[in-house]
Amino acid sequence: MESLRLTTEKKVHWHGSSADRRHDLVEAIAALPLADLVVVHTEAAVSDRRHRRKCLEYLLPNLAEMPCSHLTLESRSHLDASDVDILQKFRAQKVITSSLRVNHAVGMVEPALWVADIVCGAVVQSRVGNPSYLAKLSGAVDVRQI
């Protein structure tokens, strides 16, 4: 992923990239051995915090079944605690086991978050009528709308 970062960029980022650059980014992601699960919360007129919480409420149990042992989320500073609260709630309810670990990282420091940014960018483009980017990712992306 680091090789995709331009010298003018602090991190690889979908927003602000040209169409040609986006195609290059998607091509690079398509070449990786990944299976992506994207959760889209579509409730209107709610905060970003609620969207994130609803997505995590769906995502965490599904990742635990895959099985996935480690999840890295982009840090939102003081709001990271709400992600941990959801995790603890699900552990207490035995929805997930204690083997699923969640950590937060700064986007500039964690290249794995760049992959998520690119995949999410392709999903958003598909939702607004430009499916070409998502089509390049073929069957590697499972989009769940909640």
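See the structure shown above.
A. How the structure looks around the nonpolar core. The biggest cluster of nonpolar side chains holds 18 residues, and the ones touching the most others in it are I118, V119, L137 and V141. Listing elements by their share of this core, those giving two or more residues are α1 (19-30), β1 (36-40), α4 (112-127) and α5 (132-136). Apart from residues lying up to four places away in sequence, V141 is in contact with D36, V38, V119, V123 and L134. Membership of the second largest hydrophobic core comes to 15 residues, among which are L59, L60, L63 and L73.

B. Region of interest: the packing of aromatic side chains. Evaluation of the coordinates by the stated rule reveals 1 aromatic pair. Ring geometry for W14 versus Y133: centroids 5.0 Å apart, planes at 85 degrees, classification edge-to-face. A residue pair is termed long-range when its members are at least 10 positions apart, and W14 in the segment before α1 and Y133 in helix α5 qualify at 119 residues. For the residue pair W14 and Y133, the accessibility class agrees, reading buried in each case.

C. Local environment of α4. Taking 1.5 Å as the rise per residue, α4 with 16 residues should run 22 Å; its terminal C-alpha atoms sit 23 Å apart, in good agreement. Listed as buried for α4 are L113, W114, V115, I118, V119, G121, A122, V123 and Q125.

D. Broad picture of helix α3 (residues 80-92). The first and last C-alpha atoms of α3 sit 19 Å apart over 13 residues, in line with the 18 Å expected at 1.5 Å per residue. Along α3, the residues that are buried comprise D80, S82, D83, I86, L87, F90 and R91. Where α3 is buried, its residues meet α2 (48-65), β2 (70-74) and β3 (101-105). Two residues or fewer past α3, K94 is found with a positive phi of approximately 60 degrees.

E. Layout of the pattern of salt bridges. One pass over the full model with this rule turns up 11 salt bridges. A salt bridge links D83 to R52; its shortest N-O distance comes to 2.9 Å. Separated by 31 residues along the polypeptide, D83 in helix α3 and R52 in helix α2 bring together distant segments of the chain. Given a relative accessible area of 3%, D83 falls into the buried group.

F. Region of interest: the environment of A122. Note on placement: A122 falls in helix α4. For A122, a relative accessible area of 0% corresponds to the buried category. It is 27 Å that separates the C-alpha atoms of A122 and L100, two residues lying 22 residues apart in sequence. In contact with A122, not counting residues within four places along its chain, are W14, Y133, L134 and L137.

G. Focus on the packing of α2 against α3. One way to put it is that α2 packs onto α3 with a least axis distance of 10 Å and a crossing angle of 35 degrees. Once α2 is placed against α3, the crossing between them reads as right-handed. The residues of α3 that touch α2, namely those facing R49, R52, R53, L56, E57, L60 and P61, are S82, D83, I86, L87, K89 and F90. Broken down by class, the residue content of the contact of α2 with α3 amounts to 6 nonpolar, 1 polar and 6 charged.

H. Focus on unusual backbone geometry. Located in the positive-phi region is A45, a residue other than glycine, with phi close to 55 degrees. The residue A45 is located in the loop between β1 and α2 in this model. Here A45 falls in the exposed class, since its relative accessible area comes to 87%. The backbone phi angle of K94 is positive, close to 60 degrees, even though this residue is not glycine. Residue placement: K94 occurs in the loop between α3 and β3. Judged by its relative accessible area of 72%, K94 falls in the exposed class.

Cut-offs and rules
- Residues numbered from 1 in each chain as written.
- Predicted model: local features only at pLDDT ≥ 70, side-chain atom pairs only at ≥ 80, totals over all residues.
- Heavy atoms only, no water.
- Core = buried A, V, L, I, M, F, W, Y, C linked by side-chain atoms within 4.5 Å.
- Buried < 20%, exposed > 50% of the residue type's maximum accessible area, 1.4 Å probe, protein only.
- Helix = DSSP H or I, 4+ residues; strand = E, 2+ residues; numbered from the N terminus.
- Contact = heavy atoms within 4.5 Å.
- Phe/Tyr/Trp six-rings, centres within 6.5 Å; stacked < 30°, edge-to-face > 60°.
- Expected span 1.5 Å × (residues − 1).
- Salt bridge = Lys/Arg side-chain N within 4 Å of Asp/Glu carboxyl O.
- Axes fitted to C-alpha atoms, helices over the stretch in contact; angles between N-to-C directions.
- Left-handed = near helix turned anticlockwise from the far one by under 90°.
- Nonpolar A, V, L, I, M, F, W, Y, C, P; charged D, E, K, R; others polar.

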